[in-house]
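Results of the structural survey
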Amino acid sequence: HHARGTLTPRLACPGLLLGVSSSPILGLWRQAPPAKKTKKAVLFFEVEILDARTREKLCFLDKVEPHATVAEIKSLFTKAHPQWYPARQSLRLDPKGRSLKDEDVLQTLPVGTTATFYFRDLGAQISWVTVFLTEYAGPLLIYLLFYFRVPFLYGPRYDFTASRHPVVHLACCCHSFHYVKRLLETLFVHRFSHGTMPLRNIFKNCTYYWGFAAWMAYYINHPLYTPPGPHVYPRQHPLFHLGIPISPVPPWGPHVPHPPHVSPWGPHVPPGDGGPAVALFSLVGFVQMAIWAQGKHRSYLREFRDYPPLRSPIVPFLL
């Protein structure tokens, strides 16, 4: 007998209370009901998306989970506006601020339970892989058209004729190897930080690559092309051989005779060397590379605190 007011001691077996048994012989005893688990309250977010220019409300998302990423919010926004697929969207916390990353999590952003995002349309997008394949396949095919002298390029008498100069065939091999290598690198080597780019940029990029490839191929594969003599680029000079496999423009430069000749379009005097073509090719490429380098330099300064501020984007100590 226990004294009044005393508690009944627990059983020694852990996890079992008095009146609970796992034995089949004592199966008549009723098992104690499991303890009810208390549900934790989930705090949902409300997300409103405004146009960055007009401040017009474009979408309101209710009960957005706190661990939702910006990429998931873009997908929800696309359901309301299918014309703006996720790659076209730029979401930011300030109308003039920088775009949020797709991997940013909603609850880690400096917003309240009602988050306001500002939307900008990036325009039609195209994948970077498609861009590079288009840029590099064009020069490869265009050069071969001039090399094989297809009709309507140099006149009927030269259709599908071959040059008698070995250096012309060597130039074709080097040029083709250069762009085949780039195509293979695009497919199997390169990784792109951004999946897409604006569609309008592909026209600018292709004009640069395709245009200069056609300009260069026209003169190098011209029926009246003659290689420069030793006074221009001595064959025994080591830099002459070094420049062949690495330069998209052959180092000897296109060279055709100075006397005028009659082309399919009338009298024409081709230039004597490749100086203007090479200079313009380098200048245009440098300007575009400088723009990209400066933009990347600014983003590095924002994202990395220990990034050297005095480092030059493209030309040491100058630019």
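You'll find the structure just up there.
Residues numbered from 1 in each chain as written. Predicted model: local features only at pLDDT ≥ 70, side-chain atom pairs only at ≥ 80, totals over all residues. Heavy atoms only, no water.

As for the pairing of strand β2 (residues 57–64)
- Bridging between strand β1 (residues 45–51) and β2 involves five bridges; their strand directions are antiparallel. Looking across to β2, one finds that L50 is bridged to K57. (Pairing = 2+ DSSP bridges. Helix = DSSP H or I, 4+ residues; strand = E, 2+ residues; numbered from the N terminus.)

With respect to the pattern of salt bridges
- If you walk through the whole model with that rule in mind, you get four salt bridges.
- For D121, the salt bridge goes to R88, with nearest N and O atoms at 2.7 Å. Here R88 lies in the loop between α1 (70–80) and β3 (89–92) and D121 lies in strand β4 (residues 114–121), a separation of 33 residues in the sequence.
- Relative accessible area serves as the criterion here: at 17%, R88 is assigned to the buried category.
- A salt bridge links K181 to E185, with the nearest nitrogen and oxygen atoms 3.4 Å apart. Of this pair, K181 and E185 both sit in helix α3 (residues 166–188), separated by four residues, roughly a single helical turn.
- What makes E185 partly exposed here is its relative accessible area of 25%. (Salt bridge = Lys/Arg side-chain N within 4 Å of Asp/Glu carboxyl O. Buried < 20%, exposed > 50% of the residue type's maximum accessible area, 1.4 Å probe, protein only.)

Brief notes about a nonpolar patch on the surface
- A cluster of nonpolar side chains, W215, L280, L283, V284, F286, V287, M289, I291, W292, F317, L318 and L319, forms an exposed patch at the surface whose accessible area comes to about 1,200 Å².
- Among the elements that take part in the nonpolar patch, helix α6 (residues 275–303) stands out by supplying eight residues, more than any other.
- Along the chain, L280 falls in helix α6.
- What makes L280 partly exposed here is its relative accessible area of 36%. (Patch = residues over 30% accessible without salt bridge, like charges linked within 9 Å, V, L, I, M, F, W, Y side chains within 5 Å. Areas by Shrake-Rupley, 256 points an atom, 1.4 Å probe, with all protein chains shown as cover.)

Notes on the sheet that holds β2
- With respect to topology, four strands assemble into an open sheet ordered β2-β1-β4-β3, the strand pairing being mixed. Each of the sheet's edge strands pairs with one partner strand only, and the pair in question is β2 and β3. Going from strand to strand, the sheet's axes swing by 25° on average, the running direction of each strand aside.
- Pairing of β1 with β4, which is carried by six bridges, proceeds in the parallel orientation. The partner of L50 across the bridge, within β4, is Y118. (Axes fitted to C-alpha atoms, helices over the stretch in contact; angles between N-to-C directions.)

Things to note about the side chain of S163
- For S163, the position within the fold is in the loop between α2 (128–147) and α3.
- A distance of 3.2 Å separates a polar side-chain atom of S163 from the backbone nitrogen of H165.
- Setting aside chain neighbours within four positions, we find S163 in contact with R149, V168 and H169. (Polar contact = N/O pair within 3.5 Å; in protein donor to acceptor, adjacent residues only side chain to side chain. Contact = heavy atoms within 4.5 Å.)

Observations regarding the packing of aromatic side chains
- Applying the stated criterion across every chain yields a total of 19 aromatic pairs.
- Between the aromatic rings of Y300 and Y307, the centroid separation amounts to 5.4 Å while the plane-to-plane angle is 55°, which identifies the pairing as tilted.
- With relative accessibility at 33%, the residue Y300 sits in the partly exposed group.
- Each member of the aromatic cluster is reached from another via a ring pair, and the members are W128, F132, Y136, Y179, Y208, Y209, F212, W215 and F281. (Phe/Tyr/Trp six-rings, centres within 6.5 Å; stacked < 30°, edge-to-face > 60°.)

Details of the environment of G112
- Looking at where G112 falls in the secondary structure, it is placed in the loop between β3 and β4.
- Given the relative accessible area of 39%, G112 is considered partly exposed.
- For the pair G112 and E46, spaced 66 residues apart in sequence, the C-alpha to C-alpha distance is 8.9 Å.

Notes on a positive patch on the surface
- Where like charges cluster on the molecular surface, the positive patch consists of R98, K101, R298 and R302.
- Note that K101 resides in the loop between β3 and β4. (Lys, Arg positive; Asp, Glu negative; His and termini not counted. Charge placed at Lys NZ, Arg CZ, Asp CG, Glu CD.)

So, the side chain of N221
- Counting through the fold element by element, N221 comes out in the loop between α4 (200–220) and α5 (238–243).
- In contact with N221, other than residues within four places in its own chain, are Y143, F146, Y147, R149, Y154 and V168.

Things to note about α4
- Between its first and last C-alpha atoms α4 spans 31 Å; for 21 residues at 1.5 Å apiece the expected length is 30 Å, and the two agree.
- What α4 keeps buried is the set I202, N205, C206, Y208, Y209, F212, A213, M216, A217, Y218, Y219 and I220. (Expected span 1.5 Å × (residues − 1).)

Some words on the layout of surface pockets
- Approximately 2,100 Å³ is the volume found for the largest pocket.
- Around the largest pocket, the lining is made up of 47 residues, and of these W128, S193, H194, T196 and K296 lie nearest the centre.
- Elements that contribute at least two residues to the lining of the largest pocket include exactly β3, α2, β6 (196–198), α4 and α6.
- With 13 residues, α6 is the largest single contributor of residues to the lining of the largest pocket.
- Split into classes, the residues belonging to the lining of the largest pocket amount to 18 nonpolar, 15 polar and 14 charged. (1 Å grid on protein atoms, 1.4 Å probe; cavity = no way out; pocket = protein on both sides within 12 Å on 5 of 7 lines; lining within 4 Å. Points joined across faces, edges and corners; volume = space filled by probe spheres on them. Nonpolar A, V, L, I, M, F, W, Y, C, P; charged D, E, K, R; others polar.)

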